[in-house]
Amino acid sequence: MAEQKDFTTSYKPTWCPGCGNFGIMPATKKAYAELGLEPHQIAMVFGIGCSSNGSNFYNLYAFHGIHGRPLPVAAGIKLANHELTVIADSGDGDAYGEGVSHFVHTTRTNVDITYLVHDNNLYSLTTGQTSPTSSTGMKTKSAPFGNLDMPFNPIAAAILNGATFVAQGFSSDIPHLTELIKKAIKHRGFSFINILQLCPTFNKLNEFPWYKERVIKLDDEAHDDSDFHKAISQATRTDGKIPLGVFYQIDKPTYGDRLEQLKDKPLVKQSLDNIDISKSLDVYK
Ligand code: SF4
């Protein structure tokens, strides 16, 4: 059975000392090992961001795509071979800026993939510009007098758009994040975790002490994650507290469940011999 080290390549991460990616990557690998997965059973698709060169550091099928586009690639891989565990991995700029339309539309399809978003509230790869989750008033390289916009709320957006598993983790709480990732992978349908990530190089506002004062665990509040209204209420709290844990989880048919073509076996294992595409081509006559 594969261990955490078996998901590791010989390449060393180039992230800054203290970067939250150093918490998220081991949590993800530990989750794979504890679920009994083998490297050849997993495909990870990365967008663009500091965390996205993770494609070099995970020993499994890895694809490093273009800005904001990991979700359609991940969904395509899942439909081609639904026996694979498919994970999309982005930063907050990639997921909620360039990729926000994919986020909204993949969420409502309930395709059976997991989406991990490293949310450090900035575009850090490009040295610290305002991102969709930067707080109002936050001073950044692109907003030196303070961000004028309201921050995007990815948790509320995902729940409202029909996601069937929505959670939030923290890069500095690896055991808790590991358990969340395991639950997300085991969930049938689109599972999404917004991961609060420290960026000590550029984000001097949301540092560890700032989070320590604010994070709370939904498990400690006896939260009912099957209750839509309670999930929205937790996602839109106004008391300054930041909940960690599973906000919402329900069972619904997946996108693949609705496709007759996938009932017997994955597309990649089906023979092309009996496929007649001539009728599909009739529309071009
Ligand atoms: Fe991590 Fe920030 Fe450095 Fe990027 S810039 S590697 S997010 S600490």
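Thresholds applied
- Residues numbered from 1 in each chain as written.
- Predicted model: local features only at pLDDT ≥ 70, side-chain atom pairs only at ≥ 80, totals over all residues.
- Heavy atoms only, no water.
- Buried < 20%, exposed > 50% of the residue type's maximum accessible area, 1.4 Å probe, protein only.
- Helix = DSSP H or I, 4+ residues; strand = E, 2+ residues; numbered from the N terminus.
- Core = buried A, V, L, I, M, F, W, Y, C linked by side-chain atoms within 4.5 Å.
- Contact = heavy atoms within 4.5 Å.
- Expected span 1.5 Å × (residues − 1).
- Polar contact = N/O pair within 3.5 Å; in protein donor to acceptor, adjacent residues only side chain to side chain.
- Pairing = 2+ DSSP bridges.
- Axes fitted to C-alpha atoms, helices over the stretch in contact; angles between N-to-C directions.

Trainee: What is the right way to look at unusual backbone geometry in this model?
Mentor: Most of the time, phi is negative for any residue but glycine, and the peptide bond is trans. Phi is positive for Asn121, close to 65°, though the residue is something other than glycine. Using a relative accessible area of 9% as the deciding quantity, one classes Asn121 as buried. In the Ramachandran plot, Thr127 falls in the positive-phi region, its phi being about 80° despite a non-glycine side chain. When you line up the elements, Thr127 lands in the loop between β5 (122–123) and β6 (129–130).

Trainee: I tried to follow the nonpolar core on my own but got confused; where do I start?
Mentor: Side chains of nonpolar character tend, in soluble globular proteins, to be buried together. By size, the foremost hydrophobic cluster in this structure holds 30 residues, and its most contacted members are Phe103, Tyr115, Ile159, Val166, Phe192 and Phe247. The set of elements that each furnish at least two residues to this core consists of β1 (42–46), α2 (70–80), β3 (85–91), α3 (92–98), β4 (114–119), α5 (154–160), α8 (228–235) and β10 (242–249). Tallying contributions element by element places α5 first for this core, with 5 residues. Contact partners of Val166, with chain neighbours within four places excluded, come to Ile155, Ala158, Ile159, Phe192, Gly245, Val246, Phe247 and Tyr248.

Trainee: Explain helix α6 (residues 174–186) to me, please; I cannot follow it from the model alone.
Mentor: Side chains three or four residues apart in an α-helix point the same way, a direct result of the helix having 3.6 residues per turn. For α6, built from 13 residues, the straight-helix expectation of 18 Å at 1.5 Å per residue is met to within 8% by its first-to-last C-alpha distance of 18 Å. Measuring from the backbone nitrogen of His176 back to the side-chain oxygen at the start of α6 gives 3.3 Å, which picks out Asp173 as the cap.

Trainee: What should I look at first to understand the pairing of strand β8 (residues 191–196) in this one?
Mentor: Most of β8 is tucked away: 6 of the 6 residues are buried. Covered by surrounding structure in β8 are Ser191, Ile193 and Ile195 together with Phe192, Asn194 and Leu196, the residues of both alternating faces. Here β4 runs beside β8; their pairing, made up of 6 bridges, is parallel. By the bridge assignment, Val117 is partnered in β8 with Asn194. Here strand β7 (residues 165–170) runs beside β8; their pairing, made up of 6 bridges, is parallel. Paired with Gly169 across the two strands is Ile195, which belongs to β8.

Trainee: Looking at this structure, how should I read the sheet that holds β1?
Mentor: Two strands in a sheet stick together by hydrogen bonds in their backbones, pointing the same way (parallel) or opposite ways (antiparallel). Spatially, β2-β1-β3-β4-β8-β7-β10-β9 is the arrangement adopted by the 8 strands of the open sheet, whose pairing is mixed. Each having just a single partner strand, β2 (61–64) and β9 (215–217) make up the two edges of the open sheet. Across the sheet, the mean angle separating the axes of adjacent strands is 20° when strand polarity is ignored. In the sheet, β7 pairs with β10 via 4 bridges, with the strands oriented antiparallel. Note that in β10 the partner of Ala167 across the bridge is Val246.

Functional significance is not addressed by these values, which are geometric in nature.
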